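Structural overview
Spelled out from the first residue to the last, the chains are:
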Amino acid sequence: MSTAERRRAVPFQEVRQWEEGSRIDSADKVTGRAEYIADIPPIIGEAYAAAVRSPHSHARIVRVDCSRALALEGVLAVVDRDHADGIDLTITTSEYAEEHHGAKATVRDQGIIAIDKARFDGDLVAVVVGVDQETACRGAELVQVDYELLPPVYSFEEATADGAVLVHEDLENNTAFEDSLEWGDVDRGFEDAEQIFEAEWFGGNVYHHPIEPSSSGIVDFRGKKLDVWAGTHKPLGARKLFAEVFDLDEDDVRVKVPPIGGGFGAKQITPPLVAAAIVSRKLGRPVRYIATEADSFRSTSRHAITYHARVGVKNDGTITALDVRLDIDTGAYFTGAGLVTHNACISAWGCYRIPHFRVYAKAVYTNKVPAASFRATGKNQTTFGVESMLDLVAHELGMAPSELKAHNALQRGEYVTDVWKVRGEEFVADTPPMDTDYTELIGAAVQGIGWDGKEPGDGGVSSDGGSRVRGRGLGLSLRHSAQQGGRAYALVTVGQDEVLSVHHNGPDLGTGVYNMLAVVCAQTLGVDLKTVRVLDPDTQNQMPFGGTSAQRTTVQLGNAAKMACERLIEEACAAVSIAAGGAPEEWTHRAGRVERGDESYSLGEVCKLFRGDVRLRAIGSYSYAPSVDKAFHGLDGWAPGAAAAEVEVDLETGEVKILQYSVVGDAGRTIHAMSSRRQLEGGVILGLGGTMLEELVYEGDRLTNAHPLLYPMPRMQDVPPFTVHMVENGDGPGPFGAKGLAQTSLPCVAPAVGAAIRDAIGTYVRATPFTPERVLQTLGRFNTEDQS
Amino acid sequence: MTSAFTLVEPLTLSEAANALMTLGPRARSYSGGARLLLEMRQGQVKPSTLVNLKRIPELQTITSEGDWLRIGACVTLKDTIAACQQRGGLSVVVDAMSAIGNVRVRNTGTVGGSLAVADPHGDPATALLLYDAEVTLHGVEGDRRIPLRELHVGPFKTSVGEGEFISAIHVRPLGSDWSAAYQRVQRLIAPTLTAAVGVVFSEGTIQEARVSIGSVSPTALRLGVLEDALRGLAASDVDALVESHRDTVAGLTTPVTDLWGTAAYKTYISPVVLRRTIHQAIAFAGMDNER
């Protein structure tokens, strides 16, 4: 099928009047009408929780004394290692407690409260609950904790050195998790190679930094029922977690999710909210925990990963073998070690045809904020690695990187391989075939910055006789869709007022979930978008969904909502046939109405025919076929991306200015044009943070820059002019042919900018962020040994 | 969270001084409060009393006093920028103040407040030093007017005494024969390095020069040695001169390793940025009175 034919084949209405309009939730967000956790009006009897955290990265907890806090007027209760109220404080509170990708045993090492020692700056030692926030905070300051300082471990190298200090003393070493993926025979692959290159690339720790701090919530424990309001990306996961901790039936826990101010992987249930629930149960009154910026920095982070690669190629640039080792620093607790390490492994080959491939990854504990999911998890650091590696190969072979990458990228219809070994165990490689044309993506990306993809930059020779040189670079990405996505459900109902309500459990992290659902429903039913109301997630609606992560939402929840609407039409036809006569099959659906001959009823009018209480309702669902393959566990599609950057490097100050940036996403089919563009743009801006500016700094016994003034994030003035190009072939697994898009643009940023810097200065900066100082060091401009 | 505090809102200079004197070190005066509020929210400072200086009329005005422009300590950065633009000959103050924070910060933040914080990673001091600015401190004993260079005694340390507060900043525009430039290196919100240069450049040589530098040093400072050396120099000799003063500049600024970069990095870029700023000031010569 040609592109044009594919496009025609998509049953998407021609009239897409809302495409260019704002999202349905925009007005509420910008006017302040949207109620985030902190905005929810106080519940009668509400108390407040404040966290007492370790100020040291690694310390034995000698004494915890809450007596002065408890003596403060207005302090109602505390949770510490001596005040557990019958709850096992070592029970994990991580949403990653479930087995992920066969991660050896389920590792449950982050409890609610740190008992014997604090393993990172921010480890929770106690929670103080008071009648109001100020009392709780004052009480928290009165908790006396004696620490015995232990030497901290801050890097993979330190954690794996001989005689390294143990983060978890009950383990033999600091290894948290090992993973591997292999196909073909790498040794043979290197024998086949005519040239072999080796290099390493480092992506550092960053914090997600959503505008709304992470992990706030309200817990209300009455009798044997627990109500939770939490800004979590996985309400059903949260329900399960609370049910386990308090030994409740899942149906006795109700999790509701208000609007969320950004997530990027950080919006999880964290220990303070669970501790707050212990107090709520004890007091029988609601407890609110509002995380501060300082708390938020200490809830989760992105893994630091070094990508060591050895690549074998023929002289024409054909890859024969790729051997990768990933050194992963996962922070103080297991949390995302299994998930992210595995994702890094299955991402380490990029988007290329590699006959012989091997990756081995080891994640180790360090005394840093526990690392877990980060938008395009495991993909950012590995994409920086594999893309930079291929850029290097191209330069060494004297080829244009765009040509080398196009030559090696999997072509439409091609499979990664046929069989592979996951941690030594052999499986049929169960993935869909490649569903994009990388040549199309590459062409659009380089064109976006007015480049032919070949012409090199200044290459270290200043163009203007001054000190600034320019270069251009290309980065490709390939994100897999969600794995272990479970089955997604959505419920739609419509009443006499014609309002279509969509019930679901897909939190909107600012990602446009509600808007996507509304457009999909309005399109499917042929009704006005204004009549669609998307409700906030509420586990009481019993609509399973894996959560808003891993760019699963448009495909999985979108398909479920679409099916629900299709079934609603069936229900409307069945109902109208009872009320107005005829067989259901005689009724047809057109533009939001059911019709038979001259008779025509809107959905609301069908309800009215029945008099009394009536809402038409239907449930839709979606899942792809699960697989025994432990690499991807089944997969419903790929999500490819590409980007090109032009930079100007100041050779004297090391400053890198991005002159222009072009991003291309293969959307399959955009559900809402503006949202899709914003998704790509947002990914680029987030990527610019980790690429140019952001890095968590640990020094002495603490995290030193967990502060908005000290943690540099991109501001609007740091955002370069950029173009967004959307590829729409209607060939995705989602509604109307959509693909997941949310994580495609982010991983391209570091490799595209890194390659552009290389093009400008003739050498690579091998670690992100590309700070001016790192650039100057790379240029050998000053000797760091001189530093005082 | 921000801890509770008592708010005192004096209407006169003496009320404010008396309040600060009586309340002692747990009281903090503020004007825009842009920085203080952030620190209080983070729990870094917990003043029991805040003394709002904004209701004192004298602190809100900008007046001409002969050659001098007097900027009340509570005048916002935004209004300061506008006044300096109008007055002319203060281009570096305009550039430096415009680089601070974002428009919301400039709409609430004040020059007095910024100088009172004495953050070494700041813009105003570097810029104002170029003009030999002075500040008036008001206390129970009345006013005392001191050169700006005597205000900052170290990072976050000022010579403001007990019961005192900054009431005005005095700045004298450079003459029309001067041209000036301001440059900064930025990675975090606050600058890594700030540099200001003014020159009288005519007949192909530098007749007069003023050079100040900040953020790489405990306090912003004038580089008198460099100023002396620049006088009489042709533009083409500037690079070699600045390079020959590399160690001197490092010795005067004494950069330290912090989140903004290593001492070695700051030592490396200081002469680079100084040289560029000098050239920029020369390039502006005779271009526009504003410069």
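Residues numbered from 1 in each chain as written. Chains lettered and ligands numbered in written order. Predicted model: local features only at pLDDT ≥ 70, side-chain atom pairs only at ≥ 80, totals over all residues. Heavy atoms only, no water.

Structural notes on the overall build of chain A
Counting secondary structure elements, chain A contains 19 helices and 31 strands. If one aligns the C-alpha atoms of chain A with their principal axes, the spans along those axes are about 80 × 75 × 50 Å. Expressed as a percentage of contacts within chain A between residues at least 6 apart in sequence, the contacts between residues at least 24 apart total 80%. Element-wise, carbon and sulfur atoms account for 48% of the exposed surface of chain A, whose accessible area totals about 27,800 Å². Each charge class in chain A can be summarised by its mean position, and for the 76 positive and 110 negative side chains these summaries are 4 Å apart. (Helix = DSSP H or I, 4+ residues; strand = E, 2+ residues; numbered from the N terminus. Contact = heavy atoms within 4.5 Å. Areas by Shrake-Rupley, 256 points an atom, 1.4 Å probe, with all protein chains shown as cover. Lys, Arg positive; Asp, Glu negative; His and termini not counted. Charge placed at Lys NZ, Arg CZ, Asp CG, Glu CD.)

Looking at the overall build of chain B
Along the backbone of chain B there are 11 helices and 14 strands. At 19 Å, chain B has a C-alpha radius of gyration in line with the 19 Å of a compact globule built from 291 residues. Judged by the C-alpha coordinates and their principal axes, chain B covers about 60 × 45 × 35 Å. Taking contacts inside chain B between residues at least 6 apart in sequence as the whole, the part at least 24 apart equals 63%. In the structure as shown, chain B presents an accessible area of about 11,600 Å², 51% of it carried by carbon and sulfur atoms. Measuring between centres, the 27 positive side-chain charges of chain B sit 8 Å from its 29 negative side-chain charges. (Rg over C-alpha atoms; globule rule 2.2 N^0.38 Å.)

Re the sheet that holds strand 27 (residues 656–666) of chain A
All names here are of chain A. Across the sheet, four strands lie side by side as 18-26-27-30; this open sheet has mixed pairing. Looking at which strands have only one partner, the edges of the open sheet turn out to be strand 18 (468–480) and strand 30 (722–727). Direction aside, neighbouring strands of the sheet carry axes that sit 15 degrees apart on average. Pairing between strand 26 (residues 638–650) and strand 27: nine bridges, direction antiparallel. Of the residues in strand 27, the one forming a bridge with Ala 645 is Tyr 661. Where helix 13 (residues 438–448) meets the sheet, its contacts fall on strand 18, strand 26, strand 27 and strand 30, and the angle it forms with strand 26 comes to roughly 30 degrees. (Pairing = 2+ DSSP bridges. Axes fitted to C-alpha atoms, helices over the stretch in contact; angles between N-to-C directions.)

Examining the side chain of Glu 387 of chain A
Residue and element names in this part refer to chain A. If you trace the backbone, Glu 387 turns up in helix 11 (residues 379–397). Since its relative accessible area comes to 1%, Glu 387 is described here as buried. A distance of 2.6 Å separates a polar atom in the side chain of Glu 387 from a polar atom in the side chain of Tyr 352. When neighbours within four sequence positions are excluded, Glu 387 is seen to be in contact with Tyr 352, Lys 405, Leu 474, Gly 475, Leu 476 and Pro 751. (Buried < 20%, exposed > 50% of the residue type's maximum accessible area, 1.4 Å probe, protein only. Polar contact = N/O pair within 3.5 Å; in protein donor to acceptor, adjacent residues only side chain to side chain.)

A word on the sheet that holds strand 11 (residues 178–186) of chain B
Residue and element names in this part refer to chain B. Strands sit in the order 11-12-13-14 across an open sheet of four strands; the sheet is antiparallel. Strands with a single pairing partner mark the edges of an open sheet, and in this sheet they are strand 11 and strand 14 (221–222). Here strand 11 runs beside strand 12 (residues 191–202); their pairing, made up of nine bridges, is antiparallel. Bridge pairing in strand 12 links Arg 184 to Thr 194. Relative to strand 11, helix 4 (residues 91–98) is tilted by about 15 degrees, and along the sheet it contacts strand 11 and strand 12. Relative to the sheet, helix 11 (residues 263–284) contacts strand 11, strand 12 and strand 13 (205–214), its axis offset from that of strand 11 by approximately 150 degrees.

Topic: the confidence of the model for chain A
When the pLDDT values of chain A are averaged, the result is 92; 94% of them are 70 or greater. This stretch, residues 1–18 of chain A, has a pLDDT under 50; its non-local contacts, to residues over four places away or in other chains, come to 31 contacts. (pLDDT = per-residue confidence, 0-100.)

Side note on the confidence of the model for chain B
Looking at chain B, pLDDT values average 94 and 98% of them are 70 or higher. At the level of chain-chain contacts, confidence expressed as ipTM amounts to 0.92, with global pTM at 0.94.

Some points on a negative patch on the surface
Residues and elements named next belong to chain A. On the surface, a cluster of negative charge is made up of Glu 157, Glu 158, Glu 198 and Glu 200. Contributing elements (two or more residues each) for the negative patch: helix 5 (156–160) and strand 8 (195–203). In this structure, Glu 200 sits in strand 8. (Patch = residues over 30% accessible without salt bridge, like charges linked within 9 Å, V, L, I, M, F, W, Y side chains within 5 Å. Salt bridge = Lys/Arg side-chain N within 4 Å of Asp/Glu carboxyl O.)

Structural notes on the interface of chain B and chain A
With 28 residues of chain B at the contact, the number on the chain A side is 34 residues. Contact between chain B and chain A buries roughly 2,700 Å² in total, counting both sides, with carbon and sulfur atoms accounting for 58%. Here chain B is connected to chain A by four salt bridges. Across the pair Arg 275 of chain B and Glu 652 of chain A runs a salt bridge, and its minimum N-O distance is 2.7 Å. Where chain B meets chain A, there are nine residue pairs in polar contact (both at pLDDT 80 or more). Those elements that provide at least two residues to the side of chain B that touches chain A are helix 2 (34–41), strand 11 and helix 11 of chain B. Considering each element in turn, the side of chain B that touches chain A owes the most residues, nine residues, to helix 11 of chain B. Each residue belonging to the side of chain B that touches chain A can be placed in one class, and the counts come to 16 nonpolar, seven polar and five charged. (Buried area = accessible area lost by both parts, 1.4 Å probe. Nonpolar A, V, L, I, M, F, W, Y, C, P; charged D, E, K, R; others polar.)

Description of unusual backbone geometry
Residues and elements named next belong to chain A. Across the junction of Thr 768 and Pro 769, the peptide omega takes the value -5 degrees, indicating a cis bond. Along the polypeptide, Pro 769 turns up in the loop between strand 31 (767–768) and helix 19 (772–778). Within the chain, Phe 264 stands out as a residue other than glycine whose phi angle is a positive 60 degrees. With respect to the helices, strands and loops of the structure, Phe 264 is situated in the loop between strand 11 (253–256) and helix 8 (271–283).

A closer look at helix 17 (residues 673–693) of chain A
With 21 residues, helix 17 of chain A should cover 30 Å at 1.5 Å per step; its first-to-last C-alpha distance of 30 Å lies within 8% of that length. Within helix 17 of chain A, 16 of the 21 residues are buried, leaving the element largely enclosed by the surrounding structure. (Expected span 1.5 Å × (residues − 1).)

Focus: the pattern of salt bridges
Residues and elements named next belong to chain A. Taken as a whole, this structure holds 60 salt bridges over all chains when the rule is applied. Arg 288 serves as the salt-bridge partner of Glu 46, at 2.9 Å between the closest nitrogen and oxygen. Note that Glu 46 is positioned in the loop between helix 2 (26–31) and strand 1 (47–53) and Arg 288 in strand 12 (residues 287–289), a separation of 242 residues in sequence. Summarising the burial analysis for this pair, Glu 46 and Arg 288 share the class buried. Its salt-bridge partner being Lys 562, residue Glu 566 comes within 2.9 Å of it at the nearest N-O pair. With Glu 566 and Lys 562 both in helix 15 (residues 553–580), this residue pair falls four residues apart, about one helical turn.

Here we look at the side chain of Asp 123 of chain A
Residues and elements named next belong to chain A. If you trace the backbone, Asp 123 turns up in the loop between strand 4 (117–118) and strand 5 (124–130). Salt bridges are absent for the buried Asp 123, whose nearest opposite-charge side chain, Arg 119, sits at 5.1 Å. For Asp 123, the side chain forms a polar contact with the main-chain nitrogen of Arg 119, separated by 2.8 Å.

A few points about helix 14 (residues 513–525) of chain A
Compared with the 18 Å implied by 1.5 Å per residue over 13 residues, the 18 Å span of helix 14 of chain A between its first and last C-alpha is a close match. Backbone geometry just downstream of helix 14 of chain A places Gly 526 of chain A in the positive-phi region, at approximately 70 degrees.

What to know about the packing of helix 14 of chain A against helix 15 of chain A
Residue and element names in this part refer to chain A. Axis separation between helix 14 and helix 15 bottoms out at 9 Å; the angle between their running directions is 35 degrees. Classified by chirality, the crossing of helix 15 by helix 14 is right-handed. Residues Val 513, Met 516, Leu 517, Val 520, Cys 521, Thr 524 and Leu 525 of helix 14 pack against Thr 553, Thr 554, Leu 557, Gly 558, Ala 561, Lys 562, Cys 565, Glu 566, Leu 568 and Ile 569 of helix 15. Among the residues forming the contact of helix 14 with helix 15, the class breakdown is 11 nonpolar, four polar and two charged. (Left-handed = near helix turned anticlockwise from the far one by under 90°.)

Regarding the pairing of strand 13 (residues 304–313) of chain A
All names here are of chain A. Extensive coverage of strand 13 is indicated by the burial of nine of its 10 residues. In terms of strand pairing, strand 8 meets strand 13 through nine bridges, oriented antiparallel. Its bridge partner being in strand 13, Ile 196 is matched across the sheet by Gly 312. Sheet topology places strand 13 next to strand 14 (residues 319–331); 10 bridges connect them, and they run antiparallel. When the bridges of strand 14 are listed, Ile 305 appears paired with Ile 328. Here strand 13 hands over to strand 14 after five residues, with Gly 317 in that stretch at a positive phi of 95 degrees.

Examining the environment of Arg 669 of chain A
Residues and elements named next belong to chain A. You can see Arg 669 is positioned in the loop between strand 27 and helix 17. Residue Arg 669 is classed as buried on the basis of its relative accessible area of 10%. Here the alpha-carbon distance between Arg 669 and Arg 533, two residues 136 residues apart in the chain, equals 23 Å.

Here we look at the state of the cysteines
Inspection of the entire model under this criterion finds zero disulfides over all chains. Take Cys 607 of chain A: it sits in no disulfide, and the sulfur closest to it among the cysteines is that of Cys 573 of chain A, at 13 Å. On the accessibility criterion, Cys 607 of chain A (0% relative accessible area) is buried. There is no disulfide at Cys 84 of chain B, and the cysteine sulfur nearest it, in Cys 74 of chain B, is 16 Å away. Assessed through its relative accessible area of 0%, Cys 84 of chain B is described here as buried. (Disulfide = S-S within 2.5 Å.)

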